[in-house]
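Below, each chain spelled out in residue letters.
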Amino acid sequence: MAYRWGMAVDLDKCTGCEACVTACHAENNIPTVGSQQAARGRAMHWIRVERYYEGNFPDVRVKFRPVLCQQCDNAPCEAVCPTYAAHQNEDGLNAQVYNRCIGTRYCANACSYNVRFFNFFNPEWVKPLNLQLNPDVSIREVGVMEKCTFCVQRIKAAKITAKAEDRGLVDGVLQPACAQACPTTALIFGDLNDPNSRVARLSHSPRGSKLLEDLGAEPKITYLDKQPWHEPDTY
């Protein structure tokens, strides 16, 4: 494949502000469901920020971990889909074809990261919020699964523009909404096939690890642990 998109998440920089969550909702037309539906486990967040507490009061430290679809090379969600709605595309992304999905939810059960969501009802936006919908992203109807796409609409647009201008994609210019909105640049997106890209170099950092790596799903997101301030990251 020409491109193999991946991400690095620098846990040393994440402040838990959730700007990534807000940007993802706005970019991908993800509806809010209200407190009653959220209490029933029907809230949808293609990216979430998990919080972990260490120590006892008043010496408590909080750590944050953004979690989104890990775009696995050996994705268990794809193997269980009976309609090929969940499949790997030409760039190695775990794609979801909404008009093929029949809502079995097998993929959600197979996913180890809890990042796939079922639409329990047709989405609604209270006026004037309907005016802010992104025309590049389809509205998902009731009965289908949805998930993070790494903002595939931005990837396709950047590839078309680059082809028209007869050039390659420039590392760091193409970003999904979550990475673009991150005020501390904790989310680094890029092409893992390009050995000179920042995300490819960070994927080999000694600080790096994969989430639930021992399950064998081969995720494309690398999490970078905290590092001492006097040890600059050379990757």
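Provided above is the structure to which this section pertains.
Summarised in this report is the structure supplied together with it. (Residues numbered from 1 in each chain as written. Predicted model: local features only at pLDDT ≥ 70, side-chain atom pairs only at ≥ 80, totals over all residues. Heavy atoms only, no water.)

Some details on the pattern of salt bridges
Part 1 of the argument: One pass over the structure, following the stated rule, counts eleven salt bridges.
Part 2 of the argument: Among the ionic pairs, K63 bridges to E54, the shortest N-O distance being 3.0 Å.
Part 3 of the argument: Residue K63 is classed as partly exposed on the basis of its relative accessible area of 34%.
Part 4 of the argument: Note on E54: relative accessible area 35%, which makes it partly exposed.
Part 5 of the argument: Three or more residues are tied together by salt bridges with common partners; here these are R4, D73 and K220. (Salt bridge = Lys/Arg side-chain N within 4 Å of Asp/Glu carboxyl O. Buried < 20%, exposed > 50% of the residue type's maximum accessible area, 1.4 Å probe, protein only.)

Quick word on the sheet that holds strand 9 (residues 208-209)
Part 1 of the argument: With mixed pairing, the four strands of this open sheet are ordered in space as 8-1-10-9. Every other strand in the sheet has two partners, leaving strand 8 (187-191) and strand 9 as the edge strands with one partner each.
Part 2 of the argument: As judged from the five bridges shared by strand 1 (residues 5-10) and strand 8, these two strands associate in the antiparallel manner. Across the sheet, the residue bridging to V9 is L187, located in strand 8. (Pairing = 2+ DSSP bridges. Helix = DSSP H or I, 4+ residues; strand = E, 2+ residues; numbered from the N terminus.)

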